[in-house]
Protein chains: 2
Amino acid sequence: MKEINASIITIGDELLIGQTIDTNSAFIAQELNKIGIWVRKRIAVGDRKDDIVTALDEASLYSKVVIITGGLGPTADDITKPVLCDYFGSTLKVNEDVADHIREIFQKKYGQVSERNLKQAEVPANCKVLFNKRGTAPGMWFEKNEVIFISLPGVPHEMKGLIEASVIPALKELPGLPAVLHYNLLTAGVGESVIADHLQTFEDSLPPHIKLAYLPSYGNVKLRLTARGENEEELAKEIGFYFDQLKIQVKTWLVTDSELPMQDVISQILVDRKQTLATAESCTGGFIAHLITSKAGSSAIFSGSVVAYSNDIKTSLLEVDSKIIEDHGAVSEQTVRAMASGILKQTGSDYAIATSGIMGPGGGTMEKPVGTVWIAAGNKQNLVATKFHFRFDRKRNIEMTAQAALNLLRIFMVNEE
Amino acid sequence: MKEINASIITIGDELLIGQTIDTNSAFIAQELNKIGIWVRKRIAVGDRKDDIVTALDEASLYSKVVIITGGLGPTADDITKPVLCDYFGSTLKVNEDVADHIREIFQKKYGQVSERNLKQAEVPANCKVLFNKRGTAPGMWFEKNEVIFISLPGVPHEMKGLIEASVIPALKELPGLPAVLHYNLLTAGVGESVIADHLQTFEDSLPPHIKLAYLPSYGNVKLRLTARGENEEELAKEIGFYFDQLKIQVKTWLVTDSELPMQDVISQILVDRKQTLATAESCTGGFIAHLITSKAGSSAIFSGSVVAYSNDIKTSLLEVDSKIIEDHGAVSEQTVRAMASGILKQTGSDYAIATSGIMGPGGGTMEKPVGTVWIAAGNKQNLVATKFHFRFDRKRNIEMTAQAALNLLRIFMVNEE
């Protein structure tokens, strides 16, 4: 099978000194993958001419498509554009459409436009300009020795706009793209190595063009089947067969056979049932509410949350009896049950989640070490509560607690059916 | 000046299909940078022997240190260890210390240990083992043709533990490391190009071994001066001089001359004043509470939050007069002021932030388009309220709103002094 390979080059000293986390490459890789272009390599280099040129040379050796991001901003540390101009043997020239667009943006925002802003309208004369609706630096499309080079701004929002509106539609037209299908499912409550042992026989039964991958995150493990072939229809049938087998194999731990994250699975159940959720969060500090409300349309299924970080708020806003906290502590089954009952009463929601724990690094005791968490979930009729022990850093403990809490509620809701 | 270069190679198909965002490289780059090792290049390749070998060959051409992460997990798609074993001309051998550690972990957690788990104790016979306290896959240190190769597991928590406990202490001993100093400051309320225009003359006055970089994020711009030299003491004096000048240049927008993010600057002011904060969040959905509580010790300065996603909760838990919402809408100056007053009253906190807006993609109207946000901040005596317009996607609008809200409170608190 023919394979069209791509490379992604990200440019900028901020990537090499680690001040910026590169989220662009992952987005670009996903989008390319969907149309059957396989990313062979990703390279990050600094704002240094020699290294940029070497990366372009190397990438073009084994890639039909090279996507470059970064280094097109308005500030002086950016050298990408002159390097590209040189590499493709051209000269910089103002593009009038881009210049008009820049004038419009800055006139509107600041009432004036500077020379520095207008310089962004200069592009190598031999490139095809990809118009950037969301910002000032345009994308640029070059071809050299049958390799396509596409340069995009590094600002994620602008890069995404260009990928979706210009890059993918154009690359889709390349002849000879294979069919690639990814089928994903999400499991919770089981570790990567246990699930891998369990799936050994299944994995050995897969044909060579279908691969299984394990993607663990925050206590959940995502499983992905990837199939590549010539004929999309046949491929869909084949991967569908194996995917059904896989679902049966992991049914005890299966959260969803879609690409939805845990929080969106819960939201979907609530949307389907026309019901609502509220959270009473101590140790998760609003993170569960944030996960739920990150999805558009969440106002239909999410009433709100009380982030009861202090015990006073647990007693005042959630009406937890202060004697419960005195007798059992803020991190206890009794307290999370009372918090869940309190938020159900205060908000009139159908379901509630409550969390209380010690996220670290301080605050642990012999009896309740760092990572001890109590979670309650349920409705007015019934609540379940479970104790967990996480052993990571604060950030990860918060994320693990949120996922465990959402999973506890999910199991509760599924068991109701 | 001599320069010790490093390369970072990350291995895993999940990086190339974009299912995982690589945060490891940024962390490793930061830690290397602090000890004067400059990362020249970062490369990501798939689980494919040829590509891993090519990446190792290339990296060793221009780097004294090559750090490899990923591909050491327990599942079958991992091929890094056999490839490394082959590359360094060795054979796999069980390391007994690591085997004992794996037995202990799995016995404790599952009451048994599998063959698959124990396979992680196999390491190439000629490597130095870096013991992984946080997980099962050990780090490995190789030397070949005067280049150091260090292989680490890809799980961020485990990789970090090994970098901090083993890798950095050992690399620090390399002869000839230069002094590198980074001085950072954070600005808010001004765009990258405006600040760059303003700093043109200052930037031109910098000597060649001191560089200024602009790092925009969520409406704030971080500025970083980096100096490299032989003598750390002299270098500190020199960069200190330019940093003082820089602070004067940007004083109107200066948030902090430290590396703290906005939320930690606020926390620090509150710690110093022994005062507390509470938030009443509609459109930010708990994200501000999450930012504040992500920092250890936040319980001393953060009372809690009401995430009032529905109007009912605005009226019940925050005691916003329903007539205010009827007359002016949920996204209005009057509503956010009432929300802020409500949360101050309910929690007894010293300060409050309230947010209400339309984050998109739906919910906008002609009068109040997507991105319209009202924010209030202040205390019992006085509240300020400001309207903002953000024009990004939902995720970014939430992040920008949170940063703008924190900055509004910060300015309020600073002006009180």
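As the structure is a computational prediction, the values presented were derived from the model and not from experiment. (Residues numbered from 1 in each chain as written. Chains lettered and ligands numbered in written order. Predicted model: local features only at pLDDT ≥ 70, side-chain atom pairs only at ≥ 80, totals over all residues. Heavy atoms only, no water.)

> I'm lost on the nonpolar core in this one. Help?
Note that soluble globular proteins tend to have their nonpolar side chains buried in a common cluster. In this structure, L277 of chain A together with L277 of chain B are the most contacted members of the largest nonpolar core, which totals 74 residues. If sequence neighbours within four positions are ignored, L277 of chain A has contacts with I266, L270, I292, I301, F302, S303, G304, S349, Y351, A352, I353 and L409 of chain A. In this structure, V331 and L383 of chain A together with V320 and I358 of chain B belong to the second largest nonpolar core, which totals 47 residues. (Core = buried A, V, L, I, M, F, W, Y, C linked by side-chain atoms within 4.5 Å. Buried < 20%, exposed > 50% of the residue type's maximum accessible area, 1.4 Å probe, protein only. Contact = heavy atoms within 4.5 Å.)

> Whenever I open this one, the interface of chain A and chain B confuses me. Can you help?
The figure often quoted for interface size is the accessible area lost as the parts come together. Chain A puts 88 residues into the contact, and the matching count from chain B is 88 residues. Here chain A and chain B share an interface that buries about 7200 Å² over both sides, 53% of which is from carbon and sulfur atoms. Here chain A is connected to chain B by four salt bridges. One salt bridge in this structure joins K41 of chain B and E58 of chain A, with 3.3 Å as the shortest N-O distance. Applying the counting criterion to the chain A and chain B interface returns 31 residue pairs in polar contact (both at pLDDT 80 or more). Examining the composition of the side of chain A that touches chain B, we find that eight residues originate from one element, strand 2 (residues 37–45) of chain A, more than from any other. (Buried area = accessible area lost by both parts, 1.4 Å probe. Salt bridge = Lys/Arg side-chain N within 4 Å of Asp/Glu carboxyl O. Polar contact = N/O pair within 3.5 Å; in protein donor to acceptor, adjacent residues only side chain to side chain. Helix = DSSP H or I, 4+ residues; strand = E, 2+ residues; numbered from the N terminus.)

> Can you help me understand the pattern of salt bridges in this one?
One side chain can pair with another of opposite charge once the charged atoms of both are near each other. On inspection of all chains with the given rule, the structure shows 31 salt bridges over all chains. Among the ionic pairs, D86 of chain A bridges to K49 of chain A, the shortest N-O distance being 2.7 Å. In this pair, D86 of chain A is assigned in helix 4 (residues 80–87) and K49 of chain A in helix 3 (residues 49–62), connecting sequence segments 37 residues apart. Accessibility expressed as a relative area gives 48% for D86 of chain A, which makes it partly exposed. What makes K49 of chain A partly exposed here is its relative accessible area of 40%. With its nearest N and O atoms 2.9 Å apart, the salt bridge here joins K247 of chain B to D257 of chain B. Note that K247 of chain B is positioned in helix 10 (residues 232–249) and D257 of chain B in the loop between strand 12 (254–256) and helix 11 (262–273), a separation of ten residues in sequence. Classification of D257 of chain B by relative accessible area gives partly exposed; the value is 39%.

> Looking at this structure, I do not really get the state of the cysteines. What am I missing?
Chemically, a disulfide is nothing more than a covalent bond linking the sulfur atoms of two cysteines. Evaluated as defined, the whole model comprises zero disulfides over all chains. As a non-bridged cysteine, C85 of chain A has C127 of chain A as the owner of its nearest cysteine sulfur, 8.7 Å distant. (Disulfide = S-S within 2.5 Å.)

> I'm lost on the sheet that holds strand 15 (residues 351–357) of chain A in this one. Help?
Strands belonging to one sheet form pairs held by backbone hydrogen bonds; the direction of such a pair is parallel or antiparallel. Strand order in this open sheet of ten strands is 17(A)-16(A)-15(A)-13(A)-14(A)-14(B)-13(B)-15(B)-16(B)-17(B), and the pairing throughout is mixed. The open sheet has two edge strands, strand 17 (383–389) of chain A together with strand 17 (383–389) of chain B, and neither has a second partner. Recorded for the sheet is a direction-independent mean angle of 10 degrees between the axes of neighbouring strands. Relative to strand 15 (residues 351–357) of chain B, strand 13 (residues 277–281) of chain B runs parallel, the two sharing five bridges. Bridging from a neighbouring strand, E281 of chain B pairs with T355 of chain B of strand 15 of chain B. (Pairing = 2+ DSSP bridges. Axes fitted to C-alpha atoms, helices over the stretch in contact; angles between N-to-C directions.)

> Can you walk me through the confidence of the model for chain A in this structure?
As a general rule, the predicted coordinates of low-pLDDT regions are not to be interpreted in detail. Here chain A averages 92 in pLDDT, while 98% of its residues score no lower than 70. Here the predicted complex scores 0.85 on pTM and 0.85 on ipTM. (pLDDT = per-residue confidence, 0-100.)

> Is there a simple way to think about the packing of helix 3 (residues 49–62) of chain B against helix 4 (residues 80–87) of chain B in this case?
Each pair of packed helices gets described by two things: the angle between the helix axes and the distance between those axes. Residues and elements named next belong to chain B. Running from amino to carboxyl end, helix 3 crosses helix 4 at an angle of 50 degrees, the nearest separation of the two axes being 10 Å. Looking at the two axes, helix 3 sits oblique to helix 4. Two packed elements cross with a definite hand, and for helix 3 against helix 4 that hand is right-handed. On the side of helix 3, the interface is formed by K49, I52, V53, L56, D57 and S60, while helix 4 contributes V83, L84, D86 and Y87. The residue inventory of the contact of helix 3 with helix 4, partitioned by class, reads six nonpolar, one polar and three charged. (Parallel < 35°, antiparallel > 145°, perpendicular 65-115°, else oblique. Left-handed = near helix turned anticlockwise from the far one by under 90°. Nonpolar A, V, L, I, M, F, W, Y, C, P; charged D, E, K, R; others polar.)

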